[in-house]
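Read off the chains here:
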Amino acid sequence: MAQFLNKAPVQFYKLFKDQKSKLEAAAAAEAAKDDAEFNNLYNSQQFERAPNAATIVPSTSNSGTISGGSFPKGTWALTYDDGPDAARTPRVLSMLKANNTHASFFWLAQNAMKNATVISAAKADGNTLGDHSYTHADLSKSSANLQKEIKESYTLETGLYGAAPKYFRCPYGSCIYSKTTSSANARKMIADLGMIHVLWNVDSNDWKADTPDVIFERTKKQINSLPNGIILFHDIHDRSVSASTRVVQEVLMAKGTTKRMMTIDAIVNEINSK
């Protein structure tokens, strides 16, 4: 602040403006660097099985992770993380039922054990129920309790779901993007429990405090730029319920569209049967 002292108002403003511009430029450069590193890491990973290759199976290899790029053309899976939520998840389920379609849910064990009724309704409607860890810990960090976050979550949700979950999604996708020992251990534990890891290639970013319209337009743009994939929402926000409803009605199931909306389980079974 010393550089701003004893300056005339005009000089003060100019110095302040120059410093502000430099800080904004530095922040933009850092953000661009982070985005580039993320994209390079993402693109360097071979998540999908090659066409006509081995089936999708629980594994720490490429065949054990999907993000939607290997789906048949026009095939889409709508997914929700972090629930179940006593208020929002039933609204999502009602929306799906009203549109005669289904989604895939990746739920936290700590929330699942408080919402047995919601789980029963989702299962009865034919949706896929997956695992998203116990507390949403970052599984790429060595401090993460993998035993609790994966094994205990799996055991608890097996009882609540009435069947063992076949699909797992690491919080933040961290056990794929990170190459730490903890990530490798998490991937092995997931595969050993017979689960396939599910990523996404369309991110609604609905965790941001944006309006439903902004979230919808952002998601729609991504979907329209791709031939197939997995869409990420969260069934714990009102804005997510509103935005995903529009995605279903106006994009995935709009009149005249050639898109197919299916659960992760239905898509994997279809691919593996060929």
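Refer to the preceding data block for the structure.
No experiment lies behind these values; they were computed from the predicted model shown.

J.: So what about the overall build of the chain? Which residues, and what values?
T.: Scanning the chain from N- to C-terminus turns up 10 helices and 9 strands. In the structure as shown, the chain presents an accessible area of about 13500 Å², 54% of it carried by carbon and sulfur atoms.

J.: Break down the state of the cysteines for me, citing the residues and quoting the values.
T.: Each disulfide is one covalent bond, formed between the sulfur atoms of two cysteines. In total, this model carries 1 disulfide according to the counting rule given. The disulfide bridge from Cys170 ends at Cys175, spanning 1.9 Å between sulfur atoms. One quick way to see it: the torsion about the S-S bond of Cys170 and Cys175 is about 95°, and its sign makes the bridge right-handed. Cys170 gets classed as buried once you look at its relative accessible area, which sits at 0%.

J.: Provide a residue-level description of the pattern of salt bridges, including the pertinent values.
T.: Pairs can form between side chains of opposite charge whenever their charged atoms are close. Within the structure shown, the criterion is met by 11 salt bridges. Residue Asp238 pairs with Arg88 through a salt bridge whose shortest N-O separation is 3.1 Å. Pair noted here: Asp238 is in helix α9 (residues 238–252) and Arg88 is in helix α2 (residues 88–98), with a separation of 150 residues, a long-range link. For Asp238, a relative accessible area of 39% translates into the label partly exposed. Arg218 serves as the salt-bridge partner of Asp210, at 3.1 Å between the closest nitrogen and oxygen. Judged by relative accessible area, which is 23%, Arg218 ranks as partly exposed. Beyond isolated ion pairs, a larger network of salt bridges with shared partners links Asp85, Arg88, Arg91 and Asp238.

J.: Please give an account of the nonpolar core that cites residues and values.
T.: Within the largest apolar cluster, 31 residues are counted, with the highest numbers of intra-cluster contacts made by Ile66, Phe71, Leu139, Ile150, Ile230 and Ile264. If you list the elements that add at least two residues to this core, you get α5 (146–161), β5 (167–168), α6 (174–177), α7 (181–192), β6 (196–198), β8 (229–234) and α10 (264–272). A total of 4 residues in this core trace back to one element, the largest contributor, which is α10. Counting residues in hydrophobic clusters, the runner-up holds 29 residues, among them Leu78, Val92, Ile119 and Ile231.

J.: Describe in detail α7, supporting the description with residues and values.
T.: Because an α-helix packs 3.6 residues into every turn, residues spaced three or four apart end up facing the same way. Here α7 is 12 residues long and its end C-alpha atoms lie 16 Å apart, about the 16 Å a rise of 1.5 Å per residue gives. Looking at α7, one finds that the buried residues are Ser182, Ser183, Ala186, Arg187, Met189, Ile190 and Ala191. Where α7 is buried, its residues contact β1 (65–66), α5, β5, α6 and β6.

J.: So what's going on with the packing of α2 against α9? Which residues, and what values?
T.: At their nearest, the axes of α2 and α9 sit 10 Å apart, and the two run at 10° to each other. With respect to their mutual orientation, α2 and α9 come out roughly parallel. Here Arg88, Arg91, Val92 and Met95 of α2 come into contact with α9, specifically with Asp238, Val241, Ser242, Ser244, Thr245 and Val248. Along the lines of polarity and charge, the residues of the contact of α2 with α9 split into 4 nonpolar, 3 polar and 3 charged.

J.: Can you lay out the environment of Thr79 for me, pointing to particular residues and giving the numbers?
T.: For Thr79, the location among the structural elements is in strand β2 (residues 75–81). Overall, the relative accessible area of 0% leaves Thr79 in the buried class. For Thr79, the side chain forms a polar contact with the side chain of Arg169, separated by 3.0 Å.

J.: With reference to specific residues and values, describe the packing of helix α8 (residues 212–224) against α9.
T.: Orientation of α8 relative to α9, taken along the N-to-C sense of each, is 40°, at an axis distance of 9 Å. The angle between α8 and α9 falls in the class oblique. The hand of the α8/α9 crossing is right-handed. On the side of α8, the interface is formed by Pro212, Asp213, Ile215, Phe216, Glu217, Thr219, Lys220, Ile223 and Asn224, while α9 contributes Arg239, Ser242, Ala243, Arg246, Val247, Glu250, Val251 and Leu252. Split into classes, the residues belonging to the contact of α8 with α9 amount to 8 nonpolar, 3 polar and 6 charged.

J.: If you had to explain the environment of Ile231 to someone new, which residues and values would you point to?
T.: Secondary-structure assignment places Ile231 in strand β8. When the C-alpha positions of Ile231 and Ala103 are compared, they lie 9.9 Å apart, and in sequence the two are 128 residues distant. Non-local contacts of Ile231, meaning those with residues more than four positions away in its chain, are made with Trp76, Ala77, Leu78, Thr79, Val202, Thr219, Ile223 and Leu252.

Reading guide: rules and limits
- Residues numbered from 1 in each chain as written.
- Predicted model: local features only at pLDDT ≥ 70, side-chain atom pairs only at ≥ 80, totals over all residues.
- Heavy atoms only, no water.
- Helix = DSSP H or I, 4+ residues; strand = E, 2+ residues; numbered from the N terminus.
- Areas by Shrake-Rupley, 256 points an atom, 1.4 Å probe, with all protein chains shown as cover.
- Disulfide = S-S within 2.5 Å.
- Buried < 20%, exposed > 50% of the residue type's maximum accessible area, 1.4 Å probe, protein only.
- Salt bridge = Lys/Arg side-chain N within 4 Å of Asp/Glu carboxyl O.
- Core = buried A, V, L, I, M, F, W, Y, C linked by side-chain atoms within 4.5 Å.
- Expected span 1.5 Å × (residues − 1).
- Contact = heavy atoms within 4.5 Å.
- Axes fitted to C-alpha atoms, helices over the stretch in contact; angles between N-to-C directions.
- Parallel < 35°, antiparallel > 145°, perpendicular 65-115°, else oblique.
- Nonpolar A, V, L, I, M, F, W, Y, C, P; charged D, E, K, R; others polar.
- Polar contact = N/O pair within 3.5 Å; in protein donor to acceptor, adjacent residues only side chain to side chain.
- Left-handed = near helix turned anticlockwise from the far one by under 90°.

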